[in-house]
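Remarks on the overall topology
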Amino acid sequence: MAYEVLKLDSHKRAVAKQASRGEDSRRVASGEISDRDLKRENSFFGSLDKSKFKMVAIGGKPLARKM
């Protein structure tokens, strides 16, 4: 199996991130989106349905059950 090695172009990535920040600022300034909603949209966990997750352990230690 052959693997393709990809290299990150850090300059290109920085330009893209700055453009994204500019667009985010424009959207907030125009009232298209609230600051709170933008933070949720940009959050890694923001798009996940939290109702489908259940915390069962922290650090490998089970959480105490409530009865």
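Look up a bit, the structure's there.
Because the structure is a prediction, the values reported are computed rather than measured.

Helix and strand counts for the chain stand at 2 helices and 2 strands. Moving toward the C terminus, one meets the helices and strands of the chain in the order α-α-β-β. For 67 residues, the compact-globule estimate of 2.2 N^0.38 gives 11 Å, and the chain exceeds it by more than 25% at 20 Å. Taking the principal axes of the C-alpha coordinates as reference, the chain spans close to 50 × 50 × 20 Å. Looking at the chain residue by residue over its 67 residues, the buried ones come to 6%. Per element, the accessible surface of the chain, about 6,900 Å² overall, is 58% carbon and sulfur. Averaging the coordinates of the 16 positive side-chain charges in the chain and doing the same for the 9 negative ones gives two points 11 Å apart.

At a minimum axis distance of 10 Å, the contact between helix α1 (residues 10-29) and helix α2 (residues 35-42) shows a crossing angle of 150 degrees. On the basis of the axis angle, α1 is roughly antiparallel to α2. The two elements α1 and α2 cross, and the hand of that crossing is right-handed. Judged by residue contacts, Asp24, Arg27 and Val28 of α1 engage Asp35, Leu38, Glu41 and Asn42 from α2. The class makeup of the residues in the contact of α1 with α2 is 2 nonpolar, 1 polar and 4 charged.

Here the structure, examined in full by the defined rule, presents 6 salt bridges. For glutamate 32, the salt bridge is made with arginine 27, and the minimal N-O distance between the two is 3.3 Å. Relative accessible area serves as the criterion here: at 48%, glutamate 32 is assigned to the partly exposed category. With relative accessibility at 15%, the residue arginine 27 sits in the buried group. Of the charged contacts, one joins lysine 39 and aspartate 35 as a salt bridge, the two residues approaching to 3.2 Å between their closest N and O atoms. Remark: aspartate 35 and lysine 39 occur in helix α2; sequence separation between them is 4 residues, near one turn of the helix. For lysine 39, a relative accessible area of 56% corresponds to the exposed category.

So, how was this worked out
- Residues numbered from 1 in each chain as written.
- Predicted model: local features only at pLDDT ≥ 70, side-chain atom pairs only at ≥ 80, totals over all residues.
- Heavy atoms only, no water.
- Helix = DSSP H or I, 4+ residues; strand = E, 2+ residues; numbered from the N terminus.
- Rg over C-alpha atoms; globule rule 2.2 N^0.38 Å.
- Buried < 20%, exposed > 50% of the residue type's maximum accessible area, 1.4 Å probe, protein only.
- Areas by Shrake-Rupley, 256 points an atom, 1.4 Å probe, with all protein chains shown as cover.
- Lys, Arg positive; Asp, Glu negative; His and termini not counted.
- Charge placed at Lys NZ, Arg CZ, Asp CG, Glu CD.
- Axes fitted to C-alpha atoms, helices over the stretch in contact; angles between N-to-C directions.
- Parallel < 35°, antiparallel > 145°, perpendicular 65-115°, else oblique.
- Left-handed = near helix turned anticlockwise from the far one by under 90°.
- Contact = heavy atoms within 4.5 Å.
- Nonpolar A, V, L, I, M, F, W, Y, C, P; charged D, E, K, R; others polar.
- Salt bridge = Lys/Arg side-chain N within 4 Å of Asp/Glu carboxyl O.

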